[in-house]
Amino acid sequence: MAEKISLPAKLINGGIAGLVGVTCVFPIDLAKTRLQNQQGSGIYRGMFDCLIKTVRSEGFFGMYRGAAVNLTLVTPEKAIKLAANDFFRNLLARDGKELTLLKEMLAGCGAGTCQVVVTSPMEMLKIQLQDAGRLATQKAFAEEGLAAIPKRPSALLIATNLLRTQGISGVYKGLGATLLRDVPFSVIYFPLFANLNKLGQKSPRERAPFYHSFLAGCVAGSVAAVAVTPLDVLKTRIQTLQKGIGEETYNGILDCARKTWRNEGPSAFMKGAGCRALVIAPLFGIAQVVYFIGIGEYILGYFN
């Protein structure tokens, strides 16, 4: 019979996978944010051009602007998401029967809704730090060519200023847009992964081979990531507090969608889609490696 992984072990595995995954793919995520935020032609022609220019102007660690926020909050985010998904799956299960596709989607919806408690402020702070280099570079190009990038504020300073001037709503700016992205992502990812993973099981009582689960995680993550890219573009632009020279400001989701369509056309809604796929696929692949090794179970076994 397939071995059930306890919730505490899942939380440990999810946290470790998140920490390792963020460290590996954060530069691509930074490129995604900067590409999504630039309006019109901009200064970056694509992911590699963005990363090259970032290293030239900000140094190697410039690619990790905002990573500290993610590394700090990724573990509680994964914990909430995994615990919520398990809770809703158990709640919707009846008489030990397998969940229907609709119930799997509902469980994913519940997990995505719960995780935004951590995700929304984390994303908001991360985006300010990630995009600061783009704004400084844009200003330097406009004034006198590529110049040294000025010192940027920390996430703590940004959060403190927002709490002082806008209250708790300041750090939750873009909450609606985050929900609009994360709920559909979870609705797509969790059922898709579960059903792709089942294809590798010789019987319902056996686990799928590691390589099959690895590929199922990568495929499901990539599909879900690309599918919600238009919503991610809207979320990124709404949560960006500082705009570049001549760039639009937005008053909500519909206003952002309307102005983006009018000024840049439908293709703007898929900006950073390739980057998102390249970020999400390794994240879930790494998660499968961690689960396969059983780091969480080993740690719990050591203390028992």
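Residues numbered from 1 in each chain as written. Predicted model: local features only at pLDDT ≥ 70, side-chain atom pairs only at ≥ 80, totals over all residues. Heavy atoms only, no water.

### A few points about the overall build of the protein chain
Test applied: Elements are defined by DSSP. Helices are runs of H or I of four residues or more, strands are runs of E of two residues or more, and each kind is numbered from the N terminus. For the radius of gyration, the atoms used are the C-alpha atoms, and the globule rule reads 2.2 Å times the number of residues raised to 0.38. Each accessible area is a Shrake-Rupley estimate made with a 1.4 Å probe; only the visible protein chains count as cover when residues are assessed. Counted as positive: Lys and Arg. Counted as negative: Asp and Glu, with His and the chain ends omitted from the count. Note that the charge is assigned to NZ on lysines, CZ on arginines, CG on aspartates and CD on glutamates.
Helices and strands together make up the secondary structure of the protein chain, namely twelve helices and zero strands. For the protein chain, the sequential pattern of α-helices and β-strands runs α-α-α-α-α-α-α-α-α-α-α-α. Relative to the 2.2 N^0.38 estimate, which gives 19 Å for 304 residues, the radius of gyration of the protein chain is 20 Å and therefore close to what a compact globule would have. Within the structure as shown, the protein chain displays about 14,900 Å² of accessible surface, and the carbon and sulfur contribution to it stands at 66%. Averaging the locations of the 34 positively and 21 negatively charged side chains of the protein chain gives two centres separated by 1 Å.

### Structural notes on helix α11 (residues 273-293)
Short version of the rule: Helix span, as expected, comes to 1.5 Å for every residue beyond the first. Exposure classes here rest on a 1.4 Å probe applied to the protein chains alone. A residue is buried below 20% of its type maximum, exposed above 50%, and partly exposed in between.
Between its first and last C-alpha, α11 extends 31 Å over 21 residues, near the 30 Å set by a 1.5 Å rise per residue. With 15 of its 21 residues buried, α11 lies for the most part within the structure.

### Focus on the UniProt feature "repeat: Solcar" (unreviewed entry) in the protein chain
Quick reminder of the rule: UniProt positions are given in the numbering used here, feature names are shortened, and annotations may be inferred rather than shown by experiment.
The residues that UniProt annotates with the feature "repeat: Solcar" (unreviewed entry) are residues 5-91, 99-199 and 208-297. Between the C-alpha atoms that bound residues 208-297 the distance is 19 Å, and the span itself is 72% helix and 0% strand.

### What to know about the UniProt feature "transmembrane region" (unreviewed entry) in the protein chain
Mapped onto this numbering, the UniProt entry gives "transmembrane region" (unreviewed entry) at residues 210-234 and 277-300. Helix and strand shares over residues 210-234 are 96% and 0% respectively, and the end C-alpha atoms of the span are 36 Å apart. In residues 277-300, helix accounts for 96% and strand for 0%; the two terminal C-alpha atoms are 33 Å from one another.

### Considerations on the packing of aromatic side chains
Which entries qualify depends on this criterion: Ring pairs are drawn from Phe, Tyr and Trp, using the six-membered ring of Trp, whenever the two centres fall within 6.5 Å, and their geometry is named by plane angle: stacked under 30 degrees, edge-to-face over 60, tilted for the rest.
Tallying each qualifying case throughout the model produces nine aromatic pairs. Here the aromatic rings of F26 and Y64 are separated by 6.1 Å at their centres, their planes lie at 15°, and the arrangement is stacked. Here Y64 lies in the loop between α2 (47-58) and α3 (67-92) and F26 lies in helix α1 (residues 7-37), a separation of 38 residues in the sequence. Judged by relative accessible area, which is 25%, Y64 ranks as partly exposed. Ring centres of Y189 and F190 lie 5.4 Å apart, and the angle between their planes is 70°; on these two criteria the pair is classed as edge-to-face. For Y189, a relative accessible area of 4% gives the class buried. We classify F190 as buried; its relative accessible area is 12%. Through a chain of ring-to-ring contacts, three or more aromatic side chains come together here, namely F26, F60, F61 and Y64.

### Points about the packing of α1 against α11
Put simply, the test is: For helices, the fitted axis covers only the stretch in contact; all axes are lines through C-alpha atoms, and the angles between them, taken along N-to-C directions, range from 0 to 180 degrees. Each angle is binned into one of four classes, with values under 35 degrees roughly parallel, values over 145 roughly antiparallel, values of 65 to 115 roughly perpendicular, and all other values oblique. We call a crossing left-handed when the near helix sits turned anticlockwise from the far one by less than a right angle, and right-handed when that turn is clockwise. Gly counts as polar in this scheme, as do all residues outside two lists: the nonpolar Ala, Val, Leu, Ile, Met, Phe, Trp, Tyr, Cys and Pro, and the charged Asp, Glu, Lys and Arg.
Interaxial distance between α1 and α11 falls to 8 Å at its minimum, and their mutual angle equals 165°. Regarding the angle of α1 to α11, the classification is roughly antiparallel. Where α1 crosses over α11, the handedness of that crossing is right-handed. Of the residues belonging to the contact of α1 with α11, the class tally is 18 nonpolar, four polar and four charged.

### Regarding a nonpolar patch on the surface
Stated formally: Candidates for patches are residues over 30% relative accessible area with no salt bridge; among them, like charges are joined within 9 Å and nonpolar side chains (Val, Leu, Ile, Met, Phe, Trp, Tyr) within 5 Å. Counted as salt bridges are all cases of a side-chain nitrogen of Lys or Arg within 4 Å of a carboxyl oxygen of Asp or Glu.
There is a patch of nonpolar side chains on the surface, built from V289, F292 and I293 and spanning about 300 Å² of accessible area. Note on V289: relative accessible area 32%, which makes it partly exposed.

### Observations concerning the environment of C218
The condition that has to hold: Two residues form a contact once any of their heavy atoms are found within 4.5 Å.
Following the sequence through the fold, C218 ends up in helix α8 (residues 210-227). The spatial distance from the C-alpha of C218 to the C-alpha of G285 is 5.5 Å, given a sequence separation of 67 residues. In contact with C218, not counting residues within four places along its chain, are A281 and G285.

### Let's talk about the pattern of salt bridges
If charged atoms from side chains of opposite charge come close, those side chains can pair. Under the criterion given, the structure shown has 22 salt bridges. The residue E123 makes a salt bridge to K235 at a minimum N-O spacing of 2.9 Å. Taken together, the residues span a long stretch of sequence, with E123 in helix α4 (residues 101-144) and K235 in helix α9 (residues 229-239) at a distance of 112 residues. With respect to class, E123 is no different from K235; both count as buried. For R237, the salt bridge is made with E264, and the minimal N-O distance between the two is 2.6 Å. Separated by 27 residues along the polypeptide, R237 in helix α9 and E264 in helix α10 (residues 253-264) bring together distant segments of the chain. Classification of R237 as buried rests on a relative accessible area of 1%.

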